[in-house]
Amino acid sequence: MKAIPFFCMKKQSIIEAVAAVMLVIATLAYYRGYVGIRHDATLYVAQMLYVIDPSTFSNDLFFKYGSQANFTLFPHLAAFANRFFPDVGALWRFGGALSLLLYAAACAYTLSAWLQDSRTICLFAICLAIFWPGYYGHHQVITYAEPYFTARGLAEPLIIFALGALIRKKFWLVGVLGLLAAALHPLQAVPLAGILVIFTTPERLRKFYLIGLVAGFLLLIGIQGAGLPWPGLATYDEYWWDAVENSNGFVLLQQWSVADWIRLGLDFWLVRLARDHASARVQKVLDAVLWTAVLGFVVALLYADGLRLVLATSTQFWRAQWILHWCAVASFVAIVSAWARFEKSNFRTPPTRLIFIVVAFLLSAPTRPVETAYAALLCALLYTAWPSIQFRIGTRYEAMLRTAVVAAVVIIVVRHAFYIGTDESIALAGDDGSIAISKVFQPVVAVGLFAAALMAWERLAQFWRLPVTTVGTVLAIFLVLRWDGRAPETHLIESMPANPDMFGWKIEPDATVYWSNENLAPWLLLHRAVYLSGSQQGGLLFNRETALESYRRRDAIAPLELQAQLCMIFESIQKGAQIRSNCLPDAALVGDMCAMAGSALQYVIFPGRLHESGNVHPVGSYVFRSVRGIEKTHYLYRCADLV
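Asker: I keep staring at the packing of aromatic side chains and nothing clicks. Help me out?
Answerer: The geometry of an aromatic ring pair is captured by two quantities: the separation of the ring centres and the angle between the planes. Inspection of the entire model under this criterion finds 37 aromatic pairs. Relative to F606, the ring of Y514 has its centre 6.2 Å away and its plane inclined at 65°; by these criteria the two rings are edge-to-face. Separated by 92 residues along the polypeptide, Y514 in strand β3 (residues 512–515) and F606 in strand β5 (residues 603–606) bring together distant segments of the chain. F606 sits in the buried class, given a relative accessible area of 2%. One aromatic cluster is present, formed by Y136, F250, W256, W261, F297 and W318 through successive ring pairs. Between R168 and the ring centre of Y109, over which it is positioned, the NZ or CZ distance is 4.0 Å.

Asker: What exactly am I supposed to notice about the nonpolar core here?
Answerer: Looking at soluble globular proteins, one finds that nonpolar side chains tend to be buried together. One finds W92, W114, L128, Y303 and W326 to be the most contacted residues of the largest nonpolar core, which totals 166 residues. With 15 residues, the top contributor of residues to this core is helix α14 (residues 280–306). If we skip the residues at most four places from it in the chain, L128 touches V329, F332, V333, F361 and V447.

Asker: I'm lost on the sheet that holds strand β7 (residues 631–638) in this one. Help?
Answerer: The strand order across the open sheet formed by 5 strands is β4-β3-β5-β7-β6, and the pairing between neighbours is mixed. Bordering the open sheet on either side are β4 (529–530) and β6 (620–625), each of which pairs with just one other strand.

Asker: Before we go on, may I ask you to explain the pairing of β5 in this structure?
Answerer: Burial of β5 is two-sided: the residues Y603 and I605 facing one way and the residues V604 and F606 facing the other way are all buried. In terms of strand pairing, β5 meets β7 through 4 bridges, oriented antiparallel. By the bridge assignment, F606 is partnered in β7 with Y635.

What counts, and at which threshold
- Residues numbered from 1 in each chain as written.
- Predicted model: local features only at pLDDT ≥ 70, side-chain atom pairs only at ≥ 80, totals over all residues.
- Heavy atoms only, no water.
- Phe/Tyr/Trp six-rings, centres within 6.5 Å; stacked < 30°, edge-to-face > 60°.
- Helix = DSSP H or I, 4+ residues; strand = E, 2+ residues; numbered from the N terminus.
- Buried < 20%, exposed > 50% of the residue type's maximum accessible area, 1.4 Å probe, protein only.
- Lys NZ or Arg CZ within 6 Å of the ring centre and 35° of its normal.
- Core = buried A, V, L, I, M, F, W, Y, C linked by side-chain atoms within 4.5 Å.
- Contact = heavy atoms within 4.5 Å.
- Pairing = 2+ DSSP bridges.

Written as structure tokens, this is what we have:
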């Protein structure tokens, strides 16, 4: 097999190589900005702290009955790195940058082996893989190349590297990369194992995997109908299943929306189309990706949603979509590139079908509003049916159809522009509104901007390339300096050293804390076990005892949440600035929560004084001062004083 260039740099001058690298770095910095320790990154911080100090965190709900941390080496590696980077916020920021650089390198390594096109096409594919939304699954909960640091952020580039090594026939490298990815995040690596199995299976035998899965499902149904137990197969009972549906519903296919299924179908469609334009080696890899995704969803549908098997549900075989979606993005470039080559040799071919596939891809982006998925499906159907109908309509109607499709894209762009200002968009964006802007505009606008810029570079005279590269380097440096997009308050919390006595009161090492509306602060700032937080709910899927205990603790906190919700409703009606302070719970209500929690809870923290009665007073306080000059005082109470 001929040598394959890495990073699309074969026979490039130094100026061209620097320009390509700067473009990739600028794209990473702008579209994959760092948002801090959020989402699952919070759990990985807790897992690292548990490795460092297991006795302190053994009573934490996430670790009390065992967790998924038992199946990954990531917390141990992070604990080792923490010896050299005591600042957890800085360590996670460094990890986020490292994972993104690995992701860009993995995209370059694999796409240069897949496409083997011109430098411009290859570089465009790399940038597209970076800025295109990576959301997959239900309701855009999970994405690859996350804007925060987790084990997934390291495992995913290794798996993409493994795909490139598979195309290059470096099987030893595939094995090494696969083992490393599995050690970091087994769930993300399961699809790679499936791809390798399918890749080594003769094409005529692959259908027997599907037949075997269906037969096994029917066999288990028959055993269940006969009233016999399933040997060695644990299932969710009604109570545990209810907890999974309420807290981890995104892992169940039964909760997927129609738009979710449409986007999955469009991913299959793009990869299947790209297969016809690929080399024999790439075709075999894409076939393995398609088969793995099909089998993964069959397992998830039959054995997880259908039979409620713990192993099938917790393994989340539907995660094969992440590799499928990444391949679909690259497939779009491969398809358009093949069309461009065909157009040069056959000028009589109408571009209408090409317009359909471009628009279908743009509208298939996992963004909101979800109506774009239906429009993308319509364009995909038109692309598929066009060979049969193109000669049945006149040239005038064909031109009108092309105009209508393009106009629909413009209308959707305008609608998205208004969508940025909605409450839903702001909630999605979090502290940094630019996230919402990039989510809305990058699928439709950035594709055209990048394509135009790269084509302009191809036509640029050699004399002007050095000045343009210099300006691009300055811009890339500017964007890198702005890559850390954390809000000032988030940066403040993540940069503070751990101090269990920060409230002026010594919190015992074995104490458990409930900090209202805070997930990270009790772990990172107090270095203490957490009674209940939203982040801990990720463990319900893997352990029944965790689910039952979580329900008990949620019952204890429920009156506080109800009171806060009612208060916020009245606040929104009256729109009074003074009302917000009254949304804190009564001391008696918090005392009831402490009584229900019993020995599982020792301290509670609220962003303000409780409506106190009798001799109930806080034992300590701490004033958080943001760079904006805003001060907020949090108060520490002992449950022993409240009960």
